[in-house]
Amino acid sequence: MDLYYVGLDVLRSALLFVGSVVIFIGVAWAVLEALRVGFGPHVPRRMVDNMALGLEFFIGAGLLNLIINPTWTAVQVTALIIVVRKLVTISFNRLERGSGEG
Amino acid sequence: MLLFTFPGFRYYGGVEEFLVVAVGYLRLAVEAIGAAVIGIGASATVFRYVLSLLGLRKYTNSDLRLYLGRFLALGLEFQLASDILATAVAPTFEEVQLLAAIVVIRTVLNYFLQKELEREQDLPRPARDASGG
């Protein structure tokens, strides 16, 4: 049973790490593009796009955390991640619409 | 009373105790399947992300989010099933309250994921067809 929870913990940590790397790559890529091509709507769009993908991994980690640690704190953290993800997705959709109209 | 010999079972005096143990194992199995689905989905998504970074495939981040979202939604269904099983054997009201909160969170997330999946599938995606991804 301990091995089961250790495995889940490792998986959760891996998902958090991957999500962080994805967000970092998005920010780094956006900065490089801004330096190379100049600042434009593509810069925040790339950052938000990668943030949205990174947050998907964070949600996966949050779901696993609810298994490992079914506490009120874990529930609140997972709820907050879902809210933030929704806000990021809305922001991304607005950027997409804005670049389409502009 | 019948004596069962599969691992983990001890003879109890009543059917109810046997059911509590059986449902506990069943819940664990369903929960583990849900976790495995999430793990497999995340691994496959990472693989696709690396392929797109290396330029070997043309996956957009939206494609990857949709792909991972499908696995998260399926994993959530298993988690919800295990939560329902857990309510059957939750011994205290506090545990039931916590389970209810977890079920609400998972249901809300599942709802948002399903909505996004439906929306993404309804949008025309000529780029996805062109890339074959």
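Owing to the predicted nature of the structure, the values given are computational and were not obtained by experimental measurement. Residue indices follow the written sequence of each chain, beginning from 1 at its first position. Following the order in which they are written, the chains are lettered starting with A and the ligands numbered starting with 1. Per-residue local features of the predicted model are confined to residues with pLDDT of at least 70, and side-chain atom pairs are confined, for both listing and counting, to 80 or more; whole-chain, interface and lining totals are unaffected and use all residues. Only hydrogens and water are removed before side-chain values are computed, so all heavy atoms of the structure are retained for them.

Draft legend 1. Region of the structure containing the pattern of salt bridges. Residue and element names in this part refer to chain A. Any carboxyl oxygen of Asp or Glu that lies within 4 Å of a side-chain nitrogen of Lys or Arg is treated as forming a salt bridge with it. The full count for this structure, using the stated rule, is five salt bridges over all chains. The closest approach of N and O atoms between Arg-12 and Asp-9, which form a salt bridge, is 2.8 Å. Here Arg-12 pairs with Asp-9, and both are found in helix α1 (residues 2–37), just three residues apart, close to one helical turn. A salt bridge links Glu-33 to Arg-46; the shortest N-O distance between them is 3.1 Å. One end of the pair, Glu-33, is in helix α1; the other, Arg-46, is in helix α2 (residues 42–68), with 13 residues separating them in the sequence. In this description a helix means any DSSP run of H or I spanning at least four residues, a strand means any run of E spanning at least two, and both kinds are numbered starting from the N terminus.

Draft legend 2. Representation of the interface of chain A and chain B within the structure. Any two residues whose heavy atoms approach within 4.5 Å are treated as being in contact. Listed as interface residues are 34 residues of chain A and, on the opposing side, 31 residues of chain B. Once two parts are put together, the accessible area they lose, assessed with a 1.4 Å probe and summed over both, is termed the buried area. Between chain A and chain B, a total of about 2,900 Å² is buried, with carbon and sulfur atoms accounting for 75% of that surface. Contact with chain B buries area across many residues of chain A, yet Leu-53, Glu-56 and Leu-63 of chain A alone supply 19% of it, more than any other trio. The interface formed by chain A and chain B includes zero salt bridges. For the purposes of these results, a polar contact is taken to be a pair of N or O atoms within 3.5 Å, where, inside protein, one atom must be able to donate a hydrogen and its partner to accept one; residues adjacent in sequence count only when each atom of the pair is a side-chain atom. Connecting chain A to chain B are three residue pairs in polar contact (both at pLDDT 80 or more). Elements supplying a minimum of two residues to the side of chain A that touches chain B: α1, α2 and α3 (72–101) of chain A.

Draft legend 3. Up close: the packing of aromatic side chains. Only Phe, Tyr and Trp rings are paired, with Trp represented by its six-membered ring, and only when their centres lie within 6.5 Å; those with planes under 30 degrees apart are stacked, over 60 edge-to-face, the remainder tilted. As enumerated under the stated definition, the model contains three aromatic pairs over all chains in all. An angle of 65° between the planes, with centres 5.0 Å apart, marks the rings of Tyr-4 of chain A and Tyr-5 of chain A as edge-to-face. When its relative accessible area of 30% is taken as the criterion, Tyr-5 of chain A is described as partly exposed. Look at Tyr-67 of chain B and Phe-71 of chain B: their rings are 5.3 Å apart centre to centre, the planes differ by 70°, and that puts the pair in the edge-to-face class. Residue Tyr-67 of chain B and its partner Phe-71 of chain B are located together in helix α2 (residues 61–89), separated by four residues, close to a single helical turn. The lysine or arginine in question, Arg-46 of chain A, covers the ring of Trp-29 of chain A, its NZ or CZ lying 4.1 Å from the ring centre. A simple rule labels every residue: compare its accessible area, found with a 1.4 Å probe on the protein chains alone, to the largest value its type can have, and call it buried under 20%, exposed over 50%, or partly exposed in between. Geometrically, a charge over a ring is one whose NZ (Lys) or CZ (Arg) sits within 6 Å of the ring centre while staying within 35 degrees of the ring normal.

Draft legend 4. A look at the packing of α2 of chain A against helix α1 (residues 15–53) of chain B. Running from amino to carboxyl end, α2 of chain A crosses α1 of chain B at an angle of 160°, the nearest separation of the two axes being 10 Å. Considering the angle they form, α2 of chain A stands roughly antiparallel to α1 of chain B. In this structure, α2 of chain A crosses over α1 of chain B, and the sense of that crossing is left-handed. Along the contact surface, α2 of chain A presents Asn-50, Leu-53, Phe-57, Gly-60, Leu-63, Leu-64 and Ile-67 of chain A, while α1 of chain B presents Glu-31, Ala-35, Ile-38, Ala-42, Thr-45, Val-46 and Tyr-49 of chain B. Between the N-to-C directions of two axes lies an angle of 0 to 180 degrees, each axis being a line fitted to C-alpha atoms and, for a helix, fitted only over the stretch in contact. Angles below 35 degrees are treated as roughly parallel, those above 145 as roughly antiparallel, those between 65 and 115 as roughly perpendicular, and all remaining angles as oblique. For any helix crossing, the convention is left-handed if the near helix is rotated counterclockwise from the far helix by under a right angle, and right-handed if that rotation is clockwise.

Draft legend 5. Inspection of the packing of α1 of chain A against α2 of chain A at higher detail. All names here are of chain A. α2 packs onto α1 with a crossing angle of 175° between their chain directions and a minimal axis gap of 8 Å. If you check the angle between α1 and α2, you find them roughly antiparallel. In this count, Pro and Cys sit with the nonpolar residues alongside Ala, Val, Leu, Ile, Met, Phe, Trp and Tyr, while Asp, Glu, Lys and Arg are called charged and the others, Gly among them, polar. When the residues that make up the contact of α1 with α2 are grouped by side-chain class, the tally is 25 nonpolar, eight polar and four charged.

Draft legend 6. The arrangement of helix α3 (residues 93–122) of chain B in detail. Under the 1.5 Å per step criterion, the end-to-end length of α3 of chain B is 43 Å for 30 residues, consistent within 8% with the ideal 44 Å. Within the sequence span of α3 of chain B, burial applies to Leu-98, Leu-99, Ala-101, Ile-102, Ile-105, Arg-106, Leu-109, Asn-110, Leu-113, Glu-116, Leu-117 and Glu-120 of chain B. Helix span is expected to be 1.5 Å times the residue number reduced by one.

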